[in-house]
Amino acid sequence: MIVPTDPRTGQNRVERANVQLVSKAYSAAERVYDEVKELILTCELAGGELVSEGEIADRCQVSRTPVREAFLRLSAEGWMRLYPKRGALIVPIGEREAREVLDARLLIEGHAVRDVVAREDGAAELVAALRANLDEHNGARGEEFARIDTQFHQLIVEAGRNSLLTGFYTSLGERRRRMTAASVHRDPAVARRIRDDHAALADAIAAGDADAFDRLLREHLAGVHELPGARR
């Protein structure tokens, strides 16, 4: 039997149906990928937890096929480790990864502050933005708090006027966000410490004291993320 071809697309009915099915499956896989990755970044799926395709399929209300595709992508990006017939392990935040992220942050944020305080009146606009951000900390919870925390440090880096360093710092955003979420999940009191430490960092910039900023930032990051050398 000859299947009529649509003159507008050059596709017959069967081909068009196949394209639609592929598109639908792709969209489902994208949605599952986005939803599961968000659960990982917010630590609703904690590091070390084992999840199954069936569990996620039920949660996202899809078949297992898009879940499998999403798991493969998350595995390739290093967020999951797949175990056939058992499920997927959420890869924990390793100490080496945490240290490398924090080392990069110390270098980039410290460099930015030195550039800011070296400019005449360079700190005034940044300090005003940081203090406005501090006001947003009050009453913020969960994902909103993590967003505000991320923005505080991003403001500092962007003020350093180095687009390459800003781009690299932005690329660490997902790792930074997950680390902060893990710290707040571990101890809700950490949120208060973050707010107090941020106030001290803003004060150091206002005083034009880059050395004090470096010291306070090191203590802040080590303490929030529970690495040796933290200020207690």
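Computed from a predicted structure; not experimentally measured.

**Quick word on the confidence of the model for the chain**
The predicted model of the chain has a mean per-residue pLDDT of 86, with 86% of residues at 70 or higher. The model gives residues 19–23 a pLDDT under 50, and that stretch makes 1 contact with residues more than four places away or in other chains.

**A look at the pattern of salt bridges**
Scanning the entire structure with this criterion turns up 22 salt bridges. For E53, the salt bridge is made with R68, and the minimal N-O distance between the two is 3.1 Å. Placement of the pair is E53 in helix α2 (residues 53–60) and R68 in helix α3 (residues 64–76), with a sequence separation of 15 residues. Under the relative-accessibility criterion, R68 is labelled partly exposed at 38%. Note that E97 and R175 form a salt bridge whose closest N and O atoms lie 2.7 Å from each other. You can see E97 sitting in helix α4 (residues 95–118) and its partner R175 sitting in helix α8 (residues 173–186), a full 78 residues away along the chain. Salt bridges sharing common partners tie together E30, K37, R73, E77 and E174.

**As for the environment of L50**
Position of L50 relative to the elements: it lies in strand β1 (residues 50–51). A residue is classified by how much of its surface remains accessible, and L50, at 39% relative accessible area, is partly exposed. Taking C-alpha positions, L50 is 6.3 Å from I90, a pair spaced 40 residues apart along the chain.

**Looking at helix α5 (residues 122–137)**
For α5, built from 16 residues, the straight-helix expectation of 22 Å at 1.5 Å per residue is met to within 8% by its first-to-last C-alpha distance of 24 Å. When α5 is considered as a whole, its buried residues turn out to be G122, A123, L126, V127, L130, N133, L134 and H137. Considered in projection along α5, the buried side chains sweep an arc of 120 degrees and stay on one side of the axis. Residues A124, E125 and D135 are exposed on α5 and point more than 90 degrees away from its buried face. Elements that come into contact with the buried residues of α5 comprise α4, α6 (142–159) and α9 (190–206).

Calculation rules
- Residues numbered from 1 in each chain as written.
- Predicted model: local features only at pLDDT ≥ 70, side-chain atom pairs only at ≥ 80, totals over all residues.
- Heavy atoms only, no water.
- pLDDT = per-residue confidence, 0-100.
- Contact = heavy atoms within 4.5 Å.
- Salt bridge = Lys/Arg side-chain N within 4 Å of Asp/Glu carboxyl O.
- Helix = DSSP H or I, 4+ residues; strand = E, 2+ residues; numbered from the N terminus.
- Buried < 20%, exposed > 50% of the residue type's maximum accessible area, 1.4 Å probe, protein only.
- Expected span 1.5 Å × (residues − 1).
- Arc of directions from axis to C-beta.

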